Amino acid sequence: MTAPRTVEVLLPVAFDRALTYAVPDGLEVAPGDVVVAPLGTRPTVGVVWDGGGAEVEGARLKALLGKVAASGLSASMRGFVDWVAAYTLAPRGQVLRMAMRGLAADEGPREPRMGLKATGKAPGRRTPARDKALAAAANGETWSKKQLAESAGVSASVLDGLVADGALALSPLPPPPPPPRPDPHLPGPELSPEQASAAAALRAAVAARSFSVTLLDGVTGSGKTEVYCEAVAEALAQGRQALVMAPEIALTVPFLDRFAKRFGARPAVWHASVGEKGREAVRRGVADGSIQAVVAARSGLFLPFRDLALVVVDEEHDAAYKQEDGVSYNARDMAVVRGRIEGAAIVLASATPSLETRINAERGRYGRLALPARFGGRTMPEIKAIDMRRAGPVKGEWLAPALVSAVTQTLAAGEQALLFLNRRGYAPLTLCRRCGHRMKCPHCAAWLVEHRFRASLVCHHCGYTAHSPKTCPACAAEDSLVACGPGVERIRDEAVARFPDARVAILSSDLIGAGERLRAELDAIERGAVDIVVGTQMVTKGHHFPGLTLVGAIDADFALGAADPRAAERTFQMLQQVTGRAGRGERPGRALIQTHEPDHPVIRALAANDREGFYRAEAIAREAAMMPPFGRLAAIVVSAPTRELAEAHGRALARSAPKQETVRVLGPAEAPLAMVRGRHRMRLLVQAPRAVDVPAYLRSWLAAAPPARGGVRVAVDVDPQSFM
DNA sequence: AGCACGCCGACT
DNA sequence: GTCGGCGTGCTC
């Protein structure tokens, strides 16, 4: 008797090893095939992985249950899953799960959707609603239930009644026409000479049919989208596929419309709120090649493209590319890896590239295309700092006289002003005038932020919410609690008081809950129905406000003091993005930055419009802070139900770190506790020289680390945003 | 990720 | 006496 044929199958569960299964007679399977395998008590859909079978005692071997018609995973896709799992220290099955999203287990010929058709038979009973429905259906065509109900102006239950009566019958609907394909041969927009030469370089990178990474580094308003769309056009013209990734928030209708305008059809869309049906359709289309262009959030990187020519990572600096829960990865960097595996061209686009991408470009690892000027002869906004120590407002107000007069001029000219403050709510601190008590979060080491509109105090770290108290919880004094510092709500109040005739709108993520309301506000601003916008970082995402000519940054440098090694870079990026909103329309813009540190390098670089100088200085400062040769960063994230457990395990882990002289572990003391979704979190930071294999180091560390008990969980965040 | 197994509190 | 809470560990 011969040994049974076996295959290795990876299953989409949080499990690292592929399992060995017997292949029943008559079943032919090859690596990449989607199969059904028994796992524990349940049949589970998985993928045949390659690699020789490990020895398993015959008694424990189970047999595959069957094969699924769905398109499987190519060798390069399997390689990508393996690579990401190894790099992020995630179980391979968990990464496979991401690569299987949208996979329909019952994939095969679709059953036609059923519609309704008039039979010609008269219904048993006639009512006005039934007459309307039959009149609408009288053309003899098959209608979808929803369309028939809508066009007849009756409810679906009327139609159900007619079906029961035999006047309407179920009938298969013709298959929906395939969605229109984007057409790369439509004439593109007119490009400036700079845009045209960048576009030609990107087209060439795609035409080369090989792996490359190019930073498309263009100031706000330089027309990066038009440039990378030419690269997309090249990929489409070759009959190959293009993926455009954008931070979730940017996947808005205006963005898709811009794409549609260039290519005559909307791209396929892939993000969190696309339903299961839509996902299946996109996955299938991408796998069989019928979909050539996809616009996606970070998870789109795991789609099984048949012939991927190009990945564009728009706004590559955006923190939304980093996934923190489950498999922790940065989609921007994994895009580079995927490109290397697939032999695709990668374009990283940003007006404010991340430091690491700039450095990779400077060191020649990535190519760089620069668009240093705005499109259409428009100028960059003029930026001035207001020294709040010398020319600040009186106590209790937040708008400096110079900013107030600038707003006055702007309003008089019929233009829009934006007052930017990256702090939600009314006031970041509430304290007792009598005893000095500060309202703090019971879970985090953070102050509670007053939200006056909601009459509550909120922790912006963990979401803890309490009603605003009337008396001091420490000394019981009445009317002694005072709001300290500004949030956007407070700035709005001040703007309304200062400019009583102006129409003031507020734009912050607090509005997101009411998505409809946010859209209405954005529309109003775009139409010019708003004079002053008070907003958080939200305003930098996606939308264009052509009438905006003045930006005032209220508290520009408040984040600069933070211990975050990226504080300067983040602040510079944020202020560049915000000030870059001014003057995108017909009229030139300007920006005023209120600061207490006018001599800070970030503020000086902004005011001098010295982008290059800032990047150069910051790169040197960052290297110094990392103490060369240390460069790469990783974090071990400990989470636990209680603060004590998180701290105890964090300390135990730090003690157990392998003593490698070339790796530095920064202990729990340097990384403050936070609470996220009801769990206390602690981060241990790891610094290592570039030559060290960080994932391997972490793997060996965790293998020997004290076991996590009592609900403690340990996750690894190999920070790819480093100088690799 | 599921799902079973296991060991402690309030119910028919 | 059991039903069921979710902590722990396994999955060919």
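What you see is a predicted model; the values in this text were computed from it and never measured. (Residues numbered from 1 in each chain as written. Chains lettered and ligands numbered in written order. Predicted model: local features only at pLDDT ≥ 70, side-chain atom pairs only at ≥ 80, totals over all residues. Heavy atoms only, no water.)

### Remarks on the protein's contact with DNA strand C
Near DNA strand C there are 14 residues, and of these F15, R17, T20, R60 and K62 occur at the shortest range. Within 4 Å of the protein, the contacting atoms of DNA strand C are drawn from sugar and phosphate to the extent of 57%. At 3.4 Å, a side-chain N or O of Y21 approaches a phosphate oxygen of DNA strand C. In the model, a phosphate oxygen of DNA strand C is placed 3.1 Å from a nitrogen or oxygen of the P38 main chain. (Near = heavy atom within 4 Å. Polar contact = N/O pair within 3.5 Å; in protein donor to acceptor, adjacent residues only side chain to side chain.)

### Some thoughts on the packing of aromatic side chains
By convention here, two paired aromatic rings are described through the distance between centres and the angle between planes. With the rule as written, the count across this model stands at 8 aromatic pairs. Measuring from ring centre to ring centre gives 3.7 Å for F572 and F614, while their planes differ by 20 degrees; the resulting arrangement is stacked. One end of the pair, F572, is in helix α16 (residues 567-579); the other, F614, is in helix α18 (residues 611-625), and 42 residues separate them in sequence. Of the two residues, F572 and F614, both sit in the buried class. On the numbers, 5.9 Å between centres and 65 degrees between planes, the contact of F614 with Y615 is edge-to-face. Residue F614 shares its accessibility class with Y615, and that shared class is buried. Among the aromatic side chains, those forming a connected cluster through ring pairs are F80, F302 and Y329. Positioned above the aromatic ring of F80 is the side chain of R338, whose terminal nitrogen or guanidinium carbon lies 5.5 Å from the ring centre. For R358, the ring lying beneath its charged end belongs to Y615, and the centroid distance is 4.3 Å. (Phe/Tyr/Trp six-rings, centres within 6.5 Å; stacked < 30°, edge-to-face > 60°. Helix = DSSP H or I, 4+ residues; strand = E, 2+ residues; numbered from the N terminus. Buried < 20%, exposed > 50% of the residue type's maximum accessible area, 1.4 Å probe, protein only. Lys NZ or Arg CZ within 6 Å of the ring centre and 35° of its normal.)

### Here we look at the protein's contact with DNA strand B
As a structural note, the neighbourhood of DNA strand B is formed by V13, A14, T41, R42, Q94 and R97. Take R42: an N or O atom from its side chain is 2.6 Å from a phosphate oxygen of DNA strand B. One nitrogen or oxygen atom from the side chain of R97 is found 3.2 Å from a sugar or linking oxygen belonging to DNA strand B. For the surface near DNA strand B, the class distribution of residues is 2 nonpolar, 2 polar and 2 charged. (Nonpolar A, V, L, I, M, F, W, Y, C, P; charged D, E, K, R; others polar.)

### A closer look at the sheet that holds strand β23 (residues 465-467)
The strand order across the open sheet built from 3 strands is β21-β22-β23, with neighbouring strands paired in antiparallel fashion. Taken across any chain shown, the strands that pair with only one partner, and hence form the sheet edges, are β21 (449-451) and β23. Neighbouring strand axes in the sheet, compared pairwise and without regard to direction, differ in orientation by 30 degrees on average. When β21 meets strand β22 (residues 456-458), the two strands line up antiparallel, connected through 3 bridges. Bridging across to β22, E450 finds its partner in L457. (Pairing = 2+ DSSP bridges. Axes fitted to C-alpha atoms, helices over the stretch in contact; angles between N-to-C directions.)

### Re the UniProt feature "binding site: Zn(2+) 2" (unreviewed entry) in chain A
Residues given the UniProt feature "binding site: Zn(2+) 2" (unreviewed entry) here are C441, C444, C459 and C462. For this annotated set, covering 22 residues, all C-alpha atoms fall within 8.7 Å of each other, a compact arrangement in space. Locating C441 in the fold gives a position in the loop between β20 (429-432) and β21. In this structure C441 comes out as buried when scored by relative accessible area, which is 5%. If you trace the backbone, C444 turns up in the loop between β20 and β21. Among residues more than four places away in sequence, those in contact with C444 are C459, H461, C462 and M675. (UniProt positions renumbered as here; feature names shortened; annotations may be inferred. Contact = heavy atoms within 4.5 Å.)

### Examining the domain arrangement of chain A
Per the domain assignment, the segments making up chain A are domain 1 (6-99), domain 2 (117-170), domain 3 (193-373), domain 4 (378-423 + 487-620), domain 5 (425-485) and domain 6 (631-718). Using only C-alpha atoms to locate each centre, domain 2 and domain 6 end up separated by 65 Å. (Domains from an automatic or database assignment.)

### Some remarks on the nonpolar core
Counting 76 residues, the largest nonpolar core has V294, L698 and W701 as its most contacted members. The leading source of residues in this core is helix α1 (residues 75-88), at 6 residues. Apart from the residues lying within four places of it in its own chain, the contact partners of L698 are L89, A634, I636, V686, V716 and V718. Counting residues in hydrophobic clusters, the runner-up holds 33 residues, among them A198, V227, A246 and L369. (Core = buried A, V, L, I, M, F, W, Y, C linked by side-chain atoms within 4.5 Å.)

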